[in-house]
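Analysis of the macromolecular model
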Amino acid sequence: MSDPLLTVAGLEVVYHTDAGTLPALSDVCFEVREGQIVGVVGESGCGKSTLGAALLRLLSPNGEIVGGRVMFAGRDLASLSSGELRKVRGRGIATVFQDPLTSLNPTFTVGQQMIDAERAHGQGRESKDVLRRRAIDALTRVGIPDAARRIRNHPHEFSGGMRQRIMIAIALLHEPSLLIADEATSALDVTLEAQILKLLKEINASHGTAILLISHNLGVIAEVCERVVVMYAGRAVEEGDVYAIFDRPLHPYTRALLAAVPSPQHRGTTLAAIPGRVPSLLALPPGCKYADRCAHAVAVCFAREPASLARGGLRVRCFLYDDSLPAADKPRADWAKAPGRA
Amino acid sequence: MLDYALRRLVMTFFVVVLIMTFLALLIQLVPGDPVRLVLGAKAPEELVQSVRHDMYLDKPVPAQVYYFFANALHGDLGVDFQSQRSVTSLIWTALPHTAILALASLALAGLLGVPLGVYAATHPGGWLDRVTAVATISLITMPAYVAGLLLLLVFSVHWSIMPATGTGNLSNPADYLKHLALPAIALAVTWIGYLARLVRTSMLEVLNERYIMAARSQGIRDRLVVYKYALRNAVIPTIAVVGVGLGTLLGGAIFVEVIFARAGLGMLIYNSIQTRNFPIVRGGVLVVALLFVAVNLLTDFVYHMVDPRIRVVS
Ligand SMILES: Nc1ncnc2c1ncn2[C@@H]1O[C@H](COP(=O)(O)OP(=O)(O)OP(=O)(O)O)[C@@H](O)[C@H]1O
Ligand code: SF4
Ligand SMILES: [Mg+2]
């Protein structure tokens, strides 16, 4: 198999805040191959959006990448000059941010913003009319009615769902090889969500655009993704083939997440409430971050952090699968007392 | 928008009526006989009577107010006690100089303050940011007349490279500009610092917005992101402040004109106060007040035009 399109290895991100340094991502590793759709799932605050923003080095000013590597199309993104990085943005990797209401500039028309986005990677030779035509086509493709007229409107004249679709249209302008879609459908009703997911699958099939689909909705992930990364407190706790993980989840957290979903094909499900609370990133326990809520937790889980282990085609971060531990110290895979399906 | 404009215009109309009524009544506050005060105790009674008649002071107060309004509407603000020239023509000669001074300092403030603010915001913590932070605070707190005196001392007295006083003549632009430079800088100094601070603050806020991050994620060039996408949004809140401040700027222009003995409305009013030349004071203050009102009205409309969100809400 060829080299992956995107390789994230040991990514560490912190936010500098008044309350201290907040480790938002810790040792995150995964890959996206060309044309693949990979899901990222986890509870609110686990670092999904941080991951999406860090890949293109677009963290908010108080965020900082403190470790790890992001390789895209064979190049280390950290080694690129700002000019080279700019050329990757929007053409190599395009992003749709989580918040569609604030992603468009309120003081310019949608058309002006789309034309600027087109020009960002153009040779500057196309006339404004050509660019406008292309923008109208892009809007029509994502289902904006009467795009030729609407293109002269300002963002506040569109609904949230419409704005989300405009953002997707902009992201697809340059047919990127990777699209990062952060909760791209969460502002939409079920019908629109289905339409957009269909559109994403079409783009994926026709242009071979790989997609990193960030969502807290397991149903969405199950429907469109080939692989999935499950995140907890800034860590990738389990990563692998969607069917394998939905069939036989390894990590206790993944099992708990799936417990509320009747079937992998069930649509419109959000993450189930799991007893206990996510630890504060400012006061993380020293051991496994899930230990407080885990029914299997034993002494070692509170003492140190489990490493990420390869297991079949999956990767999992849990002592249950750490065969280097003496049997007496190991947590027991006694699923009966844990939430989740056997 | 139209509805809003109409309401705003009606409000402005009442403000102007109030100001004019106040100015018409102002002379009642002068103790004794204002005409006698100016012409002196030795002036012949017939002259005093004829001036009183020209100023409608022999009429009852409501009639005085009426005539002030009626004449002002025809552009007649009375005549100078001394030269007998019409106040309107005196103001027309002075006004361009004040307008040029105010606009020149505003342009100076915009041309220096805005880029300075943008630079400080895009390089937070850099040396220029720190230097401007200190400089702007001292600039903000320096009144125009202190700045004016300092500039006079350095450039006109110490180095003698700039004319200290006077206006020059518009027919000789180079000389006029030379006379304009120091007063305009004195008046602009506060505004350079103030604008730089305002732009820096709102720019820092805007650069944090999601739509800026989104624009960057599309590969849009940094210069375009900062100077087009961010600056427009950052400047909107400053327009309102600048509009209100223009009034202060006019006030400052009066001080600066007096310090530099520069022709203009301020100098005209100042001289007339000295000689108790009441019609000129009244006419001059009226024109300054009208300018103030007009400027505020204009900024309000500009503000509404630049920000499409407000356009809808109102
Ligand atoms: N600019 C910032 N400064 C400080 N902390 C931040 C900042 N942005 C995010 N965080 C914190 O980092 C953690 C991860 O945030 P992130 O937005 O990546 O989570 P998420 O998984 O996308 O959540 P959600 O599902 O709610 O979108 C959270 O605890 C959040 O509070
Ligand atoms: S390491 Fe221990 S606490 Fe963490 S998930 Fe595995 S069993 Fe539970
Ligand atoms: Mg998020």
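Reading the values: rules and limits
Residues numbered from 1 in each chain as written. Chains lettered and ligands numbered in written order. Predicted model: local features only at pLDDT ≥ 70, side-chain atom pairs only at ≥ 80, totals over all residues. Heavy atoms only, no water. Near = heavy atom within 4 Å. Polar contact = N/O pair within 3.5 Å; in protein donor to acceptor, adjacent residues only side chain to side chain. Areas by Shrake-Rupley, 256 points an atom, 1.4 Å probe, with all protein chains shown as cover. Helix = DSSP H or I, 4+ residues; strand = E, 2+ residues; numbered from the N terminus. Nonpolar A, V, L, I, M, F, W, Y, C, P; charged D, E, K, R; others polar. pLDDT = per-residue confidence, 0-100. Pairing = 2+ DSSP bridges. Contact = heavy atoms within 4.5 Å. Axes fitted to C-alpha atoms, helices over the stretch in contact; angles between N-to-C directions. Buried < 20%, exposed > 50% of the residue type's maximum accessible area, 1.4 Å probe, protein only. Donors = N, O, S within 2.8 Å, 3.2 Å for Na, K, Ca; no water. Phe/Tyr/Trp six-rings, centres within 6.5 Å; stacked < 30°, edge-to-face > 60°. Lys NZ or Arg CZ within 6 Å of the ring centre and 35° of its normal. Domains from an automatic or database assignment. Parallel < 35°, antiparallel > 145°, perpendicular 65-115°, else oblique. Left-handed = near helix turned anticlockwise from the far one by under 90°.

Residues and elements named next belong to chain A. Near ligand 1 there are 15 residues, and of these Ser 44, Lys 48, Ser 49, Thr 50 and Asn 62 occur at the shortest range. Here Ser 49 contributes a side-chain N or O atom positioned 2.7 Å from an oxygen atom of ligand 1. Within the complex, the protein chains bury 70% of what would otherwise be the 640 Å² of accessible surface of ligand 1. Contributing elements (two or more residues each) for the shell around ligand 1: strand S1 (6–17) and helix H1 (48–55). Tallying contributions element by element places H1 first for the shell around ligand 1, with three residues. Its residues placed into classes, the shell around ligand 1 shows four nonpolar, nine polar and two charged.

Okay, the confidence of the model for chain B next. Residues and elements named next belong to chain B. Per-residue confidence for chain B gives a mean pLDDT of 83, with 97% of residues at or over 70. Ranking the elements of chain B by mean pLDDT puts helix H13 (residues 308–313) last, at 54, and helix H9 (residues 210–217) first, at 94. We note a pTM of 0.78 for the whole complex and an ipTM of 0.87 for its interfaces.

Residues and elements named next belong to chain A. Read across the sheet, four strands follow the order S2-S1-S4-S5 without closing on themselves; strand pairing throughout is antiparallel. Of all the strands in the sheet, just strand S2 (20–32) and strand S5 (75–76) have a single pairing partner and so form its edges. Relative to S5, strand S4 (residues 63–72) runs antiparallel, the two sharing two bridges. Bridge pairing in S5 places Phe 72 opposite Arg 75. Most of the contacts of H1 go to S1, to which it runs at about 110°, and overall it touches S1, S2 and S4.

So, about the environment of B:Leu37. Residue and element names in this part refer to chain B. When you line up the elements, Leu 37 lands in helix H2 (residues 34–39). Of the residues examined, Leu 37 reaches a relative accessible area of 45% and is grouped as partly exposed. For the pair Leu 37 and Ile 220, spaced 183 residues apart in the sequence, the C-alpha separation amounts to 70 Å. Excluding its chain neighbours within four sequence positions, the residues that come into contact with Leu 37 are Val 30 and Arg 276.

Here we come to the coordination of the magnesium ion (ligand 3). Residues and elements named next belong to chain A. Distances from the magnesium ion (ligand 3) to its protein donors, Ser 49 (OG) and Gln 98 (OE1), fall at 1.9 to 2.1 Å. Taken together, the positions of Ser 49 in helix H1 and Gln 98 in the loop between strand S6 (93–96) and helix H3 (110–119) put the pair 49 residues apart, joining distant regions of the chain. With relative accessibility at 30%, the residue Ser 49 sits in the partly exposed group. Since its relative accessible area comes to 36%, Gln 98 is described here as partly exposed.

What follows deals with the packing of aromatic side chains. In the structure shown here, the tally under the stated rule is eight aromatic pairs over all chains. With 5.3 Å between their ring centres and 20° between their planes, A:Phe108 and B:Tyr229 make a pair best called stacked. Taken as a pair, A:Phe108 in the loop between S6 and H3 and B:Tyr229 in helix H10 (residues 222–259) lie in two separate chains rather than in one. We note that A:Phe108, like B:Tyr229, is buried. When the ring of B:Trp191 is compared with that of B:Tyr194, the centres are 5.6 Å apart and the planes differ by 70°; the resulting orientation is edge-to-face. Highlighted residues: B:Trp191 and B:Tyr194, both in helix H8 (residues 173–207), separated by three residues, approximately one helical turn. In this structure an aromatic cluster arises from ring pairing among A:Tyr232, A:Tyr253 and A:Tyr290. It is A:Arg150 that lies over the ring of A:Phe158; its NZ or CZ is 4.1 Å from the centre. We note B:Arg232 situated over the ring of A:Phe108; from NZ or CZ to the ring centre the distance is 4.4 Å.

Moving on to the domain arrangement of chain B. The figure often quoted for interface size is the accessible area lost as the parts come together. Along its sequence, chain B is carved into domain 1 (2–73) and domain 2 (94–274). Relative to domain 2 of chain B, the C-alpha centre of domain 1 of chain B lies at a distance of 36 Å.

This part takes up unusual backbone geometry. All names here are of chain A. Backbone geometry at Arg 57 places phi at a positive 55°, although glycine is not the residue there. Position of Arg 57 among the secondary structure elements: in the loop between H1 and S4. Among the residues examined, Arg 57 registers a relative accessible area of 38% and is labelled partly exposed. Of note in the backbone geometry, Ala 233 takes a positive phi value of approximately 45° without being a glycine.

For the rest of this paragraph, the subject is the packing of H9(B) against H10(B). The description of two packed helices rests on the angle between their axes and on the distance between the axes. Residue and element names in this part refer to chain B. It is at 10 Å that the axes of H9 and H10 come closest, and there the two elements cross at 160°. The angle between H9 and H10 falls in the class roughly antiparallel. In the crossing of H9 with H10, the sense of the turn from one axis to the other is right-handed. Residues Tyr 211, Ile 212, Ala 215 and Arg 216 of H9 form the contact with H10, whose own contacting residues are Asp 222, Val 225, Val 226, Tyr 229, Ala 230 and Asn 233. Partitioning the contact of H9 with H10 into residue classes produces seven nonpolar, one polar and two charged.

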